[in-house]
Structure formats: C-alpha cells, structure tokens
Amino acid sequence: MNKYLVITGASRGIGLATAKLFLEHNFMVINLSRGVCPLSEVIHIPVDLAQSGFEEHLQPRLLPHLENAEMVVLVHNAARLEQDMVNQIQANSFRNILEINVVAPTILNQIVLPAMGNGSAIIYIGSTLSEKAVAGTFSYVTSKHAVVGLMRATCQDLMGTGIHTACVCPGFTDTEMLRTHLNNDQAILEHIKGMNAQHRLIDPEEIAQTIYFAATQPVLNGAVIHANLGQKEA
Ligand SMILES: NC(=O)c1ccc[n+]([C@@H]2O[C@H](COP(=O)([O-])OP(=O)(O)OC[C@H]3O[C@@H](n4cnc5c(N)ncnc54)[C@H](OP(=O)(O)O)[C@@H]3O)[C@@H](O)[C@H]2O)c1
C-alpha cells in the first residue's frame, strides 16, 4: 500500500520524531515547514504557514507527490507559542498565531482531502492548554482550544468518508518550543518536571508513538487524547 505522511513542522521537535517513526513504518513522509527536516528520506516542501496565500505555491508542489497515495495521514503539528496576555496582545501578533495554529490546518485539509482514501487520518496536535488555561499564554491557549474545535468539527463533517480524526494533546515535552518558552531556566524546568507523575519531561518520541497510534486506530475518531504523564493540579 502507498502510505503517505504529510506533516507540518518536522524540522525539529515532535514533528521530527514523528517523521522518523512513520519512515520506520514504511510511510513516504512529506514535511511542510520553513527549516529543512534533517532526515534525508523526507521530502521537504518549504512553506511559511503564517503567510497568507501560502497555498498558491504549496498546492502545485504537494499534490503531485500524492497522486498514487492510497492512505494519507495529515498531521497538523506546526505551531507558535508566545508569551502574551489578554490586556496587552497586539492584534497583528494574535492574527499571526491564529494563522499558523488554526487557519493553516484548515487550508491544508482542503488541499489534501481530495487525495485521502479510505483509512486516511487527520491528526491535530493540541496541548494540555487545549482544555485549560494558564496566565501569560493568551494566544496559545485560545488557539489550542480552537484546535479541539477544528478536530470535533472535522469529525462531524467527514462522517462516512472513511477518514478519521483525533487531537493529541501533549504535556511538557523536551523540545525547543518548551525550552525557549522557559528561557532554558533550569530551576523552572525542574519545577515543571515535578508537575507530573514521573517527575520528568516527555520525550518527543513518546508523542510520536501516540500520534502514530491515533493515526492508525479509526476507533479513536473524534477523540481528544491527553499525553501528559498525568499532570498534577495545583
Ligand atoms: N513541547 C511541548 O511541551 C508541547 C506541549 C504541548 C503541545 N505541544 C505542541 O506540539 C507541537 C510541536 O511542538 P514542538 O514542541 O515540537 O515545537 P518546536 O520544536 O518549536 O517545533 C515547531 C515546528 O513548527 C514549525 N513552524 C513554526 N512556525 C512555522 C511557520 N510559520 N511555518 C511553517 N512551520 C512553522 C517549525 O518549523 P520551522 O521553524 O522550520 O518553520 C518547527 O518544525 C505544536 O503544535 C505544539 O503546540 C508542544
């Protein structure tokens, strides 16, 4: 079977680990991000998902790769995380984050859906902050709540197509996004490790395994899957 993974943000972090795992499962992997995916087997199509109109350049470069696809897994992984608050956020910054985290997945669905046969899957990447909020991450919390809405609406709209969807919500995972957000502050990292049952950060590979499981189990259609080691509530 010709199996394809189309993933955003596989230049590093969770996306990179996911690309590697799907290659091991004999998928052809296509990465969409600005930076190149370091895995030589991955087809890289450069795109800035924040740029309005990105689809005009992307569609003619992406669709020829999917002509013979029988199963396509589309993973909406790329995201931007900024520190901002309800009383301070700039409209343009908010728009930019919504473009990457919410609008781009919607556009990509429309491009890729015609190539998705029976058994295909759309996996959204949410966050623990898809279902709760912490102070100082206004745009991220808002957009990650919207991602659960995207997934639930996708589930309803694609009934009967043979395509399933789910939203994987990682907890604190050891990637550049988390470390940059915390300014690589060792004390805060140690504190965060203490906020789950195993007192450690999650490996990106663990989230990749969860994404693979969600993508290959249609019974999970419509599910919000928490992958956070069990977070301690304050
Ligand atoms: N790490 C965590 O603790 C954690 C927790 C909960 C949820 N998540 C979610 O997991 C997903 C992956 O996060 P991560 O931790 O692996 O982050 P990461 O290491 O910062 O990787 C983010 C990826 O998104 C891509 N990206 C960002 N802006 C883009 C743009 N404008 N156009 C195209 N691609 C863009 C980046 O590629 P380029 O920069 O090369 O374009 C990169 O490959 C995200 O949805 C994130 O919200 C992460």
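Residues numbered from 1 in each chain as written. Predicted model: local features only at pLDDT ≥ 70, side-chain atom pairs only at ≥ 80, totals over all residues. Heavy atoms only, no water.

Draft legend 1. A look at the site of the ligand. Surveying the vicinity of the ligand reveals 30 residues, the closest of which are Ser11, Gly35, Asn77, Tyr140 and Thr175. Between the ligand and isoleucine 14, the relevant distance is 2.8 Å, taken from an oxygen atom to a main-chain nitrogen or oxygen of the residue. Aspartate 48 is positioned such that a nitrogen or oxygen atom in its side chain is 2.8 Å from a nitrogen atom of the ligand. For the ligand, whose unbound accessible area comes to 880 Å², protein coverage reaches 95%. Broken down by element, the shell around the ligand gets its largest block of residues, three residues, from helix α5 (residues 176–181). Looking at the shell around the ligand, its residues break down into 14 nonpolar, eleven polar and five charged. (Near = heavy atom within 4 Å. Polar contact = N/O pair within 3.5 Å; in protein donor to acceptor, adjacent residues only side chain to side chain. Areas by Shrake-Rupley, 256 points an atom, 1.4 Å probe, with all protein chains shown as cover. Helix = DSSP H or I, 4+ residues; strand = E, 2+ residues; numbered from the N terminus. Nonpolar A, V, L, I, M, F, W, Y, C, P; charged D, E, K, R; others polar.)

Draft legend 2. A look at helix α7 (residues 204–215). Helix length check: α7, at twelve residues, gives a terminal C-alpha distance of 16 Å against a target of 16 Å (1.5 Å per residue), a fit within 8%. Taken residue by residue, α7 has Pro204, Ile207, Ala208, Thr210, Ile211, Tyr212, Ala214 and Ala215 as its buried positions. Looking at the buried side of α7, the elements it contacts are α1 (13–24), β4 (71–76), β5 (121–125), β6 (164–170) and β7 (223–227). (Expected span 1.5 Å × (residues − 1). Buried < 20%, exposed > 50% of the residue type's maximum accessible area, 1.4 Å probe, protein only. Contact = heavy atoms within 4.5 Å.)

Draft legend 3. Broad picture of the environment of cysteine 37. In this fold, cysteine 37 is placed in the loop between β2 (28–33) and β3 (43–46). Spatially, the C-alpha atoms of cysteine 37 and valine 6 are 13 Å apart, while their sequence positions differ by 31 residues. Excluding residues within four positions of it along the chain, cysteine 37 makes contact with Ala10, Ser11, Leu16, Asn31, Val42 and His44.

Draft legend 4. Structural view of unusual backbone geometry. Here asparagine 26, not a glycine, exhibits a phi torsion of approximately 65°, which is positive. Mapping asparagine 26 onto the fold places it in the loop between α1 and β2. A positive phi angle, close to 55°, is found at histidine 199, a residue other than glycine. The residue histidine 199 is located in the loop between α6 (186–193) and α7 in this model.

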